[in-house]
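This is what each chain is made of:
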Amino acid sequence: MEKKWEEMSAREKRESRFKTWLSAQGVKFQSPEAEASYKASVIRLKDVIELKKTPDRVPVLLLATFMAAHLYGVTPREVMHNTEKLGSIFKKYLLDYKPDYYITPALIGKSKVFEILGYKQYKLPGQGIPEDSVYQYVEGEYMLAEDYQALIDDPSDFWLRIYLPRVFGALEPLKNIPPFTELWEVVLVCAHMIPFGIPEVQNALKALIEAGSEAIAWIQQIMGFEMEARGMGFVNGAGGVAKAPFDILADTLRGTRGIMIDMYRRPEMVLKAIERITPLYIKQGVGGATFQGNPVVFIPLHRGADGFMSDEQFKTFYWPSLKALIVGLANEGCVPFLFCEGSYNSRLEYLKELPKGSCFWIFDRTDMVRAKKLLGKTICLGGNIPSGMILTGTAEQVKAYCKNLIDVVGKGGGYIMAFGTAMDEGKADTIHAMIDFTKEYGVYK
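### What to know about the sheet that holds strand 12 (residues 415-418)
Piece 1. Spatial strand order, 6-2-1-12-11-10-9-8-7: nine strands in an open sheet with parallel pairing. Here the strands that pair on one side only, and so sit at the sheet edges, are strand 6 (235-236) and strand 7 (240-241).
Piece 2. Looking at chain direction, strand 11 (residues 380-383) and strand 12 are connected through two bridges and run parallel. Note that in strand 12 the partner of Leu381 across the bridge is Tyr415.
Piece 3. Strands in contact with helix 15 (residues 368-375) are strand 10 (360-363), strand 11 and strand 12; relative to strand 11, the strand with the most contacts, it is inclined by about 170 degrees.

What follows is the structure in structure tokens.
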């Protein structure tokens, strides 16, 4: 008798998720070779994450956003406006470079959706920044210090009536609607509906509907590309996405200045807010992985890097909720994919607390020799190819750098070749050198 999901162990759940991923339901492979390549890549990633010595070679993951467009001379503005062109460029990019894993072009988004909503949190290519520039975050306090209690009391209500009206110009009238938790009996229904008769609120709802229509057309094109990419034998390196709870506060809501002040002036509120939202991002990561049939959950890390906060602050504000996020995802059979921008040298000791083979970490400027020594028997490591070397170095320099990583960090398995950053630009000869050399040299004897 087959076990129910809630009766399974974390390992059993992960095995089930990988089985689903490997089955590639709905995919029409272009050839037996494409199917074999797809399945070999899924198995290779599973083995390297679990620190097995069975992988045939070091896997290659290309962590990039607008890099594909740059390689073929297309501007970020063009691909954000034209999803069909974005898909065709990514297809050519995969066929020309042949990485084992890629990161979905869905992360680029569609300009029209942002324009309809009047998105204020980012500047888009061609709108306040050059057309050949990638989107840029606009630092700000989108949540005020006095909003902490509202976030803690009811995150969904806070997001709907406070955060969204501040971040999306078209949704500002939503600040006038009452909390839906007040809609609890017949005598309140009519009064509760009054704000939805106000023209400004109706216009906000119309903007959501229009943005939704654009988003449906966008995702249909993205999924068309994804199914074709799988059919060609390529594997998307992530199924779900989540974010470190502290980064939700520091990036999305309070901003750098706000969160730095809060850690001193209202530390209890910061910790309460983090505790309140942590389960939400476990749920988000699990939901995305389940929907995509891909157990990997991508988690970009920002504020926990060396230099942003002291070790005591990291131990207090950052690590406990990040660990809870990782373990919570792993307990549901997912594989957290931690992307560590900057340096994590002073944080490596904490990673020893994580369950063996539960996740993998892609590092940027971290000392990989030390990371291997401390974590090589516990955690799968990856990354560290410098963006500067890819953009300004030679193919021979890249090969030499890759050789050292394979010899030292890849020894015995547990290493994924990857960029240290998410690349917005690229250079053909150095990228080819990274991929081709790894596939040729990184073979386990």
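### Observations regarding the sheet that holds strand 3 (residues 122-125)
Piece 1. Spatially, 4-3-5 is the arrangement adopted by the three strands of the open sheet, whose pairing is mixed. Single-partner strands in this sheet number two, and they are strand 4 (128-129) and strand 5 (136-137).
Piece 2. Here two bridges tie strand 3 to strand 5, and the two strands are oriented antiparallel to one another. Considered in strand 5, the bridge of Tyr122 is made with Tyr137.

### Notes on the pairing of strand 8 (residues 296-301)
Piece 1. The element strand 8 is largely enclosed, with a buried count of six among its six residues.
Piece 2. Here strand 7 runs beside strand 8; their pairing, made up of two bridges, is parallel. Pairing of Gly240 across the sheet is with Val297, part of strand 8.
Piece 3. Read as a crossover between parallel neighbours, the route from strand 8 over helix 14 (residues 311-331) to strand 9 (residues 335-340) is right-handed.

### Describing unusual backbone geometry
Piece 1. Unusually for a residue other than glycine, Lys98 sits at a positive phi of about 55 degrees.
Piece 2. Among the secondary structure elements, Lys98 is positioned in the loop between helix 5 (83-97) and strand 2 (101-102).
Piece 3. Under the relative-accessibility criterion, Lys98 is labelled partly exposed at 45%.
Piece 4. Even without a glycine there, the phi angle at Asn384 is positive, about 85 degrees.
Piece 5. Assignment of secondary structure puts Asn384 in the loop between strand 11 and helix 16 (387-392).
Piece 6. The exposure class assigned to Asn384 is buried, which follows from its relative accessible area of 8%.

### Overview of the nonpolar core
Piece 1. Tyr93, Leu301, Leu322, Trp361, Met417 and Met434 are the most contacted members of the largest nonpolar core, which has 112 residues in total.
Piece 2. If you look at the next biggest cluster of nonpolar residues, it comprises 28 residues, including Phe18, Ala34, Leu45 and Ala238.

Calculation rules
- Residues numbered from 1 in each chain as written.
- Predicted model: local features only at pLDDT ≥ 70, side-chain atom pairs only at ≥ 80, totals over all residues.
- Heavy atoms only, no water.
- Pairing = 2+ DSSP bridges.
- Helix = DSSP H or I, 4+ residues; strand = E, 2+ residues; numbered from the N terminus.
- Contact = heavy atoms within 4.5 Å.
- Axes fitted to C-alpha atoms, helices over the stretch in contact; angles between N-to-C directions.
- Buried < 20%, exposed > 50% of the residue type's maximum accessible area, 1.4 Å probe, protein only.
- Right-handed = clockwise from strand over helix to strand, strands pointing away.
- Core = buried A, V, L, I, M, F, W, Y, C linked by side-chain atoms within 4.5 Å.

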